[in-house]
Amino acid sequence: MAEICYREPTSKDIPALVDLDQRTLGGLWSAPTYGREIDSPNSCLRLLTIHHQIIALGCYWVILEEAHLTLLAVDPAYQQRGLGQWLLMRLLMDARQRGLDRATLEVRCSNQVAILLYQGLGFQVLGQRQRYYADGEDALILWHKSLRSAEFQTLLEQRGARARDRLGRQGWRVREARLPIPDPQGITQTDPR
């Protein structure tokens, strides 16, 4: 069984992050931007790797009591296998552990697969940004208002179990590195996983 590792990036990962970004997001962020995100206490940037190759990345910013999801990308060779869904759920779990109440993101109006994924996790359309993307496409603004609710915790656990089962049927096992999770008062704790 192959092992997928969920972990924080280091500065050594920046060239691979930029490469994945260019192939999946059209070069949204540069090497200096990734360096700032790695160093920022208000950024939660996470990776999925297999055999030390970065196959997915996700990021959110901590803005007051909100997680603003900024990136979610999966290597084209690994898409349609449930990795993006698993990574999104893990980011939302991290946001809950940080004590964040809400989450928001922008998504292309044409990206129906992503919209359905987000809506399946309780995100609702809040509005639309005109010509948000460089090619002129509009973005939907999606919002989740209750990350810390018991119902959302149950949903994450159920969907997480299904996602792990799906990955397991493909011969993959996810290993989560011990990651520091800052609490709302700013004291860093080690995640016991």
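Below is a short write-up of the structure. (Residues numbered from 1 in each chain as written. Predicted model: local features only at pLDDT ≥ 70, side-chain atom pairs only at ≥ 80, totals over all residues. Heavy atoms only, no water.)

### Examining the overall build of the protein chain
Line of reasoning, step 1. Check the secondary structure of the protein chain and you find 5 helices and 10 strands.
Line of reasoning, step 2. Relative to a compact globule of 193 residues, whose C-alpha radius of gyration would be 16 Å, the protein chain shows 16 Å and is just as compact.
Line of reasoning, step 3. With the C-alpha coordinates of the protein chain rotated into their principal frame, the extents come out at 45 × 35 × 35 Å.
Line of reasoning, step 4. Evaluated residue by residue, the protein chain yields a buried proportion of 46% over its 193 residues.
Line of reasoning, step 5. The contacts in the protein chain between residues at least 6 apart in sequence include a share of 63% that link residues at least 24 apart.
Line of reasoning, step 6. Here the protein chain displays about 10000 Å² of accessible surface, and carbon together with sulfur accounts for 50% of that area.
Line of reasoning, step 7. Positive and negative side-chain charges of the protein chain, numbering 24 and 22 respectively, have mean locations separated by a distance of 4 Å. (Helix = DSSP H or I, 4+ residues; strand = E, 2+ residues; numbered from the N terminus. Rg over C-alpha atoms; globule rule 2.2 N^0.38 Å. Buried < 20%, exposed > 50% of the residue type's maximum accessible area, 1.4 Å probe, protein only. Contact = heavy atoms within 4.5 Å. Areas by Shrake-Rupley, 256 points an atom, 1.4 Å probe, with all protein chains shown as cover. Lys, Arg positive; Asp, Glu negative; His and termini not counted. Charge placed at Lys NZ, Arg CZ, Asp CG, Glu CD.)

### Some thoughts on the packing of aromatic side chains
Line of reasoning, step 1. Counted according to the given criterion, the structure contains 6 aromatic pairs.
Line of reasoning, step 2. With a centroid separation of 5.5 Å and an interplanar angle of 80 degrees, the aromatic rings of Tyr6 and Trp86 are classed as edge-to-face. Of this pair, Tyr6 sits in strand S1 (residues 2–7) while Trp86 is found in helix H3 (residues 83–97), placing the two residues 80 residues apart along the sequence. Assigned by exposure class, Tyr6 and Trp86 land together as buried.
Line of reasoning, step 3. Their ring planes at 90 degrees and their centres at 5.0 Å tell us that Tyr132 and Tyr133 sit as a pair that is edge-to-face.
Line of reasoning, step 4. One aromatic cluster is present, formed by Trp29, Tyr34 and Trp61 through successive ring pairs.
Line of reasoning, step 5. For the cation-ring pair, Arg108 lies above Tyr133, with the distance from its terminal atom to the ring centre recorded as 4.2 Å. (Phe/Tyr/Trp six-rings, centres within 6.5 Å; stacked < 30°, edge-to-face > 60°. Lys NZ or Arg CZ within 6 Å of the ring centre and 35° of its normal.)

### Details of the sheet that holds strand S5 (residues 102–108)
Line of reasoning, step 1. Reading across from one edge, S6-S7-S5-S4-S3-S2-S1-S8 is the order of the 8 strands in this open sheet, with mixed pairing throughout. Each having just a single partner strand, strand S6 (124–129) and strand S8 (172–176) make up the two edges of the open sheet. Strand-to-strand, the axes of this sheet are offset by a mean angle of 25 degrees, without reference to chain direction.
Line of reasoning, step 2. Where strand S4 (residues 66–74) meets S5, 4 bridges bridge the pair, whose relative direction is parallel. (Pairing = 2+ DSSP bridges. Axes fitted to C-alpha atoms, helices over the stretch in contact; angles between N-to-C directions.)

The quantities given are spatial measurements derived from coordinates; they are silent on function.
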